[in-house]
Amino acid sequence: MQPNEITEVLSRPVSQELLARDMTRLAYVAQDGTPRSIPIIFAWNGAEIVMSTPKNAPKLKALRQNPMVALTMDTEVHPPKILLVRGRAALDYVDGIPDEYLQTTTSYEMTPEQRVEWEKEVRSLYHDGMVRIVVTPTWAKLIDFETTLPSAVEELIRRREERERA
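Residues numbered from 1 in each chain as written. Predicted model: local features only at pLDDT ≥ 70, side-chain atom pairs only at ≥ 80, totals over all residues. Heavy atoms only, no water.

### Topic: the pairing of strand β7 (residues 130-143)
Defined as follows: Think of it in three bands: residues with accessible area under 20% of the maximum for their type are buried, residues over 50% are exposed, and the middle band is partly exposed, with areas taken using a 1.4 Å probe on protein chains only. Strands are runs of DSSP state E lasting at least 2 residues, helices are runs of H or I lasting at least 4, and numbering of each runs from the N terminus. Strand pairing requires that DSSP identify at least two bridges connecting the strands.
Most of β7 sits inside the fold, with 11 of its 14 residues counted as buried. Where strand β4 (residues 49-54) meets β7, six bridges bridge the pair, whose relative direction is antiparallel. Among the inter-strand pairings, Ile49 is bridged to a residue of β7, identified as Val135. Bridge count between strand β6 (residues 82-94) and β7: 13 bridges; the pairing is antiparallel. The residue of β7 that forms the bridge with Ile82 is Ile143.

### Points about the environment of Leu71
Put simply, the rule reads: Two residues form a contact once any of their heavy atoms are found within 4.5 Å.
As for its position among the elements, Leu71 is in strand β5 (residues 68-74). Under the relative-accessibility criterion, Leu71 is labelled buried at 1%. Note: C-alpha distance between Leu71 and Ile38 (33 residues apart in sequence) is 9.5 Å. Discounting residues that sit within four places of it in the chain, Leu71 has contacts with Thr24, Arg25, Leu26, Ile49, Met51, Leu83, Leu84, Val85 and Val135.

### Overview of the nonpolar core
How we decide: Joining through side-chain atoms within 4.5 Å is the link that ties buried Ala, Val, Leu, Ile, Met, Phe, Trp, Tyr and Cys residues into a set, and such a set is a nonpolar core.
One finds Ile49, Met51 and Leu83 to be the most contacted residues of the largest nonpolar core, which totals 28 residues. In terms of residues, this core owes the most to one element, β7, which gives five residues. Beyond its immediate stretch of four places on either side in the chain, Leu83 contacts Val9, Leu10, Ser15, Leu18, Leu19, Leu71, Thr72, Met73, Lys141 and Leu142. Ile97, Leu102, Tyr126 and Met130 belong to the second-largest nonpolar core, a separate cluster that totals seven residues.

### Some thoughts on helix α3 (residues 58-65)
For clarity, the cut-off: Arc, as used here, means the arc of the directions from the helix axis to the C-beta atoms.
Among the residues of α3, Lys59, Leu60, Ala62 and Leu63 are the ones counted as buried. Angularly, the buried residues of α3 cover 165 degrees about the axis, an arc narrow enough to put them on a single face. Among the exposed residues of α3, those pointing more than 90 degrees away from its buried face are Pro58 and Gln65.

### Looking at the sheet that holds strand β3 (residues 43-44)
Quick reminder of the rule: Interaxial angle, 0 to 180 degrees, is taken between N-to-C directions of lines fitted to C-alpha atoms, where a helix line uses only the stretch in contact.
The seven strands lie next to each other as β2-β1-β5-β6-β7-β4-β3, forming an open sheet whose pairing is antiparallel. In the strand order of this sheet, the two ends are held by β2 (35-41) and β3, each with one partner. Lying over the sheet, helix α1 (residues 3-11) contacts β3, β6 and β7, oriented at roughly 90 degrees with respect to β7.

### Re the pattern of salt bridges
Heads up, the condition is: Just to be clear on terms, a salt bridge is a Lys or Arg side-chain nitrogen sitting within 4 Å of an Asp or Glu carboxyl oxygen.
Summed over the entire model, instances satisfying the criterion amount to 11 salt bridges. Arg123 is paired through a salt bridge with Glu119; the nearest N and O atoms lie 2.9 Å apart. Of the two residues, Arg123 and Glu119 both sit in helix α5 (residues 112-125), four residues apart, roughly one turn of that helix. The exposure class of Arg123 is partly exposed, given its relative accessible area of 42%. Under the relative-accessibility criterion, Glu119 is labelled partly exposed at 24%. Each of Glu155, Arg158, Arg159 and Glu162 takes part in salt bridges that share partners, so that together they form one network.

Structural data, given as structure tokens:
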């Protein structure tokens, strides 16, 4: 997929809605060769999807071995809106807590007092830093079931139309 095609998909209003959410599912290949899909908070900075994780997370070894990942952001309503993204994960070890991590958690329902306590706990727990998992999209598809459909469904519709014409 060409960069301009990726930009076009990610610039659509529905894609922007999904990129503004705080949770995605990250799919990668674990070190034992089996697939993993995990929920993880993320931030979209306009060019990259940024997730944060502890420095001792098992997924880091797997991502160093095979950095190719897939991400899914979707809604829980009918018809669903689904954004699928593929890319290569780059690992960025940082001291302290990444800004994106604190920004992505601002939508969590907390009182100001709870937020202060939560941030204090986070800073204590991750005192030696975190790892930013930065994914630059190399492929993207939006499925909204109104203007875009899964490719298999598009194929079935095309076949049905051919049968009806025959």
